[in-house]
Amino acid sequence: MADQKIFAGPRIRRLRMERSLTQTAMAEGLGISPSYLNLIERNQRPITVQLILKLASVYRIDPHELQGETRSSVAALKEVFSDPLLARELPGELPGDQELIDLAEAAPNAAAAMQKLFRAYREQAERLSDLNALLAGEGRATSLSAARLPVDEVRDLFERRPWHFAVLEEAAETFHAELAPESGRSDDLFAALKTWLRKEHGISVRLLPAATMPNWRRRYDRHSQRLFLSERLSRADQLREVAMEACLIRMRDALAGEVDALKLSSDEARRLARFELARYAALALMLPYSAFHQAATRARYDIAVIAARFGASFEQAATRLVSLRRPGAAGVPFFLIETDNAGNRLRRIGASGFPHAAFGGACPKLAVHDAFAEPGRTLAEAVEMLDGTAFLTIARTVDGPQGGFDERPRRTALLLGCDLSLREQLVYGAALAGAPTPIGPACRLCERAGCLARAEPPVTRPLGLDEMVTGLSAFDFQ
């Protein structure tokens, strides 16, 4: 140890913090100046043999602990970053050897946690691979052996990119002009689509009772050339299903081009993406960009008014608002998140700037959770993050297909939002009163102190377990 320089700043700092010491207090105990200790903790000075012996004597530590396990940690981190998943998702951006050494030295706990997560990820992938082999042996092969499930790959991709597809918008406008409905109302478009399907492709549209279609919204029978719709659907949802079927036929090439541009890894992922893009195209056909943008601006983005203008549902109008990103004719940059009453995130589009976590739920103080207590009512409020970023949010429940007397209906809630600085452009801005509600990401990532709604302790801070003091939450932290 005497013939090599040892830089152990992060370990010295961790040792000090574990004992709740200030730099001044620790420097006094070691017989050095606080400024010198500060340089050591920042790895700008190596620790001497005398200082190592002093640390061992004062704090009862093994001197070899100060050397750490950088070499083995770097090797493990190389394995993490050489995984094909990262190589595919971050081409040309993987860390070099020196970056890995810096990570292992400066943040050994973070490096160890990363290695544990990687092992868990690999174990999960192996379990899925074993399950896939078992099902294949039974004649039920699946795509579970992939590093990620196809649905997760598609969802992650759509969450990261803007919710606007220019090629589909242009194709939808052309198609709408060809259909030439008598007005912008949904009934006229529904009739025009039925006529187009019958005349151009010999497809007839029929509405069937729920008892005949107990498990389907829409079903296309290629043999009889009939498109069946469930009577469970509202009129607006019936139109979307017919529009989606028409777009799959009329806009086949445009949809195929957009799916190819996404560069997905499996046929199953491409099929799921094509389905989602067909739903996007159906809304673009039902709510033409220019007309919808003008109506939204005139109504100051009052979703209920816009939906009534076009005969659409609240959910359809809210989703369409997120896609108003055309250069030169963009609307307010909204984001949308859809959850169920258990807190599961079902959909997230346009929300790249809004806090979220892949696991652990969202902030329980968001109005999207309160919406379930007042079904059908629109709730508007301002919210603010710890860093001061503020948003205007609009929350409301939406119901799925109509259920029978003995069935529990499907009810979810939408959270539509934008930057709070745009409040004057929205009718909802006038309803805001008082200071914004303080929120955060998932509780496990939030360091907001004294939060009455906290459901979990933050992983970034130790719990403040003190028998003499009881805080507002069972998960108060230091």
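Calculation rules
Residues numbered from 1 in each chain as written. Predicted model: local features only at pLDDT ≥ 70, side-chain atom pairs only at ≥ 80, totals over all residues. Heavy atoms only, no water. Pairing = 2+ DSSP bridges. Helix = DSSP H or I, 4+ residues; strand = E, 2+ residues; numbered from the N terminus. Axes fitted to C-alpha atoms, helices over the stretch in contact; angles between N-to-C directions. Contact = heavy atoms within 4.5 Å. Salt bridge = Lys/Arg side-chain N within 4 Å of Asp/Glu carboxyl O. Buried < 20%, exposed > 50% of the residue type's maximum accessible area, 1.4 Å probe, protein only.

### Examining the sheet that holds strand 2 (residues 218–221)
An order of 1-3-2 is seen for the 3 strands of this open sheet, with the pairing classed as mixed. Strands at the two margins of the open sheet, each flanked by one partner only, are strand 1 (204–208) and strand 2. Averaged over all neighbouring strand pairs, the angle between strand axes comes to 20 degrees, with direction disregarded. Sheet topology note: the strand 2/strand 3 (residues 226–230) ladder contains 4 bridges and is antiparallel. Bridge pairing in strand 3 places Asp221 opposite Arg226. Across the sheet, helix 12 (residues 235–250) is in contact with strand 1, strand 2 and strand 3; its angle to strand 3 comes to roughly 155 degrees.

### Describing the sheet that holds strand 4 (residues 335–340)
Spatially, the 6 strands line up as an open sheet ordered 5-4-8-7-6-9, and their pairing is mixed. The open sheet has two edge strands, strand 5 (345–349) and strand 9 (437–438), and neither has a second partner. Direction of pairing for strand 4 relative to strand 8 (residues 411–419): antiparallel, over a ladder of 6 bridges. By the bridge assignment, Ile337 is partnered in strand 8 with Leu415. Against the sheet, helix 17 (residues 314–322) touches strand 4, strand 5, strand 7 (390–399) and strand 8, its axis set at about 30 degrees to strand 8.

### Notes on the pattern of salt bridges
Considering all chains together, one arrives at 19 salt bridges under this definition. For the salt bridge of Glu173 with Arg326, the shortest nitrogen-to-oxygen distance reads 3.4 Å. Of this pair, Glu173 sits in helix 10 (residues 166–179) while Arg326 sits in the loop between helix 17 and strand 4, and the two are 153 residues apart along the sequence. We classify Glu173 as partly exposed; its relative accessible area is 28%. Measuring nitrogen to oxygen at the nearest pair gives 2.4 Å for the salt bridge that ties Asp267 to Arg270. Note that Asp267 and Arg270 are positioned in helix 14 (residues 267–286) at a spacing of 3 residues, about one turn of the helix. A residue is classified by how much of its surface remains accessible, and Arg270, at 28% relative accessible area, is partly exposed. Several salt bridges converge on common partners, so that one network encompasses Asp237, Arg240, Glu315, Glu338 and Arg347.

Function cannot be inferred from these measures alone, as they are strictly geometric.
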